[in-house]
Every structure is written in C-alpha cells, then in structure tokens.
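Descriptive analysis of the structure
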Amino acid sequence: MTTFRISEAAALLGVSSDTVRRWVDAGRLGAERDEHGHRRVNGADLAAFARSQIEETDSGGRTSARNRFRGIVTEVIRDAVMAQVEIAAGPFRVVSLMSRQAADELGLEAGVVAVAVIKSTNVVVEIPGHERVAGHV
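This structure is a prediction, so every number in the text was calculated from the model and none was measured. (Residues numbered from 1 in each chain as written. Predicted model: local features only at pLDDT ≥ 70, side-chain atom pairs only at ≥ 80, totals over all residues. Heavy atoms only, no water.)

**Details of the pattern of salt bridges**
The condition is simple: One speaks of a salt bridge when a side-chain nitrogen belonging to Lys or Arg is within 4 Å of a carboxyl oxygen belonging to Asp or Glu. Labels follow the DSSP assignment, with helices taken as runs of H or I lasting at least four residues and strands as runs of E lasting at least two, numbered in each case from the N terminus. The rule is simple: take the accessible area with a 1.4 Å probe, protein chains only, and divide by the maximum for that residue type; under 20% is buried, over 50% is exposed, in between is partly exposed.
Scanning all chains against the criterion turns up 6 salt bridges. Close ionic contact of Asp104 with Arg78 constitutes a salt bridge, the shortest N to O distance being 2.7 Å. Here Arg78 lies in strand 4 (residues 67-78) and Asp104 lies in helix 4 (residues 100-106), a separation of 26 residues in the sequence. With relative accessibility at 39%, the residue Asp104 sits in the partly exposed group. A relative accessible area of 29% places Arg78 in the partly exposed class. Each of Arg78, Arg100 and Asp104 takes part in one network of salt bridges that share partners.

**Some remarks on the sheet that holds strand 6 (residues 92-99)**
The pairing of strands in a sheet happens through backbone hydrogen bonds and is either parallel or antiparallel. Our working definition: Whether two strands pair comes down to DSSP finding at least two bridges between them. Axis geometry follows a simple rule: fit a line to the C-alpha atoms, using only the stretch in contact for helices, then measure angles between N-to-C directions, giving values from 0 to 180 degrees.
What the 4 strands build is an open sheet, ordered 6-5-4-7; its pairing is antiparallel. Bordering the open sheet on either side are strand 6 and strand 7 (113-118), each of which pairs with just one other strand. On average, each strand axis in the sheet is inclined to that of its neighbour by 45°, with strand direction left out of account. Pairing geometry for strand 4 and strand 5 (residues 82-89), over 6 bridges, is antiparallel. By the bridge assignment, Val73 is partnered in strand 5 with Ile87.

**Examining the packing of aromatic side chains**
Our working rule: Two aromatic rings from Phe, Tyr or Trp, using only the six-membered ring of Trp, form a pair when their centres are within 6.5 Å; if the ring planes differ by under 30 degrees the pair is stacked, by over 60 it is edge-to-face, and anything between is tilted.
Per the stated rule, a full pass over the model turns up 2 aromatic pairs. With a centroid separation of 4.8 Å and an interplanar angle of 50°, the aromatic rings of Trp23 and Phe49 are classed as tilted. Of this pair, Trp23 sits in helix 2 (residues 17-25) while Phe49 sits in helix 3 (residues 43-53), and the two are 26 residues apart along the sequence. Classification of Trp23 as buried rests on a relative accessible area of 15%. What makes Phe49 buried here is its relative accessible area of 6%.

**Structural notes on the pairing of strand 6**
Two faces make up the sheet, and in a regular strand the side chains alternate between them. In terms of strand pairing, strand 5 meets strand 6 through 8 bridges, oriented antiparallel. In the sheet register, Met82 faces strand 6, and the bridge partner there is Ser99. Linkage of strand 5 to strand 6, two consecutive antiparallel strands, is achieved through a turn of 2 residues, within which Gly90 is found at a positive phi near 65°.

**Quick word on the sheet that holds strand 2 (residues 32-33)**
Quick reminder of the rule: Whether two residues are in contact is decided by their heavy atoms: any pair within 4.5 Å suffices.
Here we have 3 strands laid out as an open sheet, ordered 1-3-2, and antiparallel in their pairing. Strands at the two margins of the open sheet, each flanked by one partner only, are strand 1 (3-5) and strand 2. Relative to strand 3 (residues 39-42), strand 2 runs antiparallel, the two sharing 2 bridges. When the bridges of strand 3 are listed, Arg33 appears paired with Arg39. Against the sheet, helix 1 (residues 6-13) contacts strand 1 and strand 3, and its axis sits at roughly 95° relative to strand 1. Along the sheet, helix 3 contacts strand 1 and strand 3; its crossing angle with strand 3, the most-contacted strand, is approximately 70°.

Okay, here's the thing in structure tokens:
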C-alpha cells in the first residue's frame, strides 16, 4: 500500500503541510500514524480526496476539456504573426503558442491571471525517478 508523508501529500495537492494537517484534524482527509508517530496518508484516500477537490469549470459553459490549469502569465513573446505565452500554474509551467491577434485580444501580458485549458489525446505519463517509492524505504 502506498502512503505519503504530510509534506508529500501537500506537494501533490499544491497546498502547505499546515493545510493538510488541518484537513486531517478536521476529518476531511484520513491519516494513520506510523511507528515513529508521523502521520501518513493512504495513496488511494489521497487520490479520492484530490478528485473531490476538483472544481467545476468557472467559465459558465460546458466543455469536453478536463485539464484546466489556473495560473499567472509570466511571459509573452510576440512576433508579427505568433505569440508564445508562458503560464506558471502552481509548480507547473504551461507554454502555449497562439496567434498574436488572439494574445492581443485576450490582453495577455505578464501578471495577468489566465487558465490554460488542455485537450489532448496524447499524454505521456512518467513515474518520477528517485531512490525510494513513497511509503517504502
């Protein structure tokens, strides 16, 4: 069974360790104590909690795109025809290429809050390479 330390769960959820502790203390997220007295969150429970936290689209409309990353525009590089827009969404960097006209019409510039909506049929899934698997020494 995969388990996560509070700090690992916090990193995966994009919140602070204190927030995860409050959720555990309030009974919103289950955790067990290990042999050292540290709280550990079951991986399946963490996945179910994360799924319950997913917000519906705030656009007011319906969409088939499920991947939505709200963040802040960090850079816009424009040329005569195209624009490259970079968004920092939590720990993630999302880069979009679009027409300059679209970027201008949206008023995209550094500091603007934006949502990257991604619809993809080709998604690469990787397992991070590190010395240990969460929950195993």
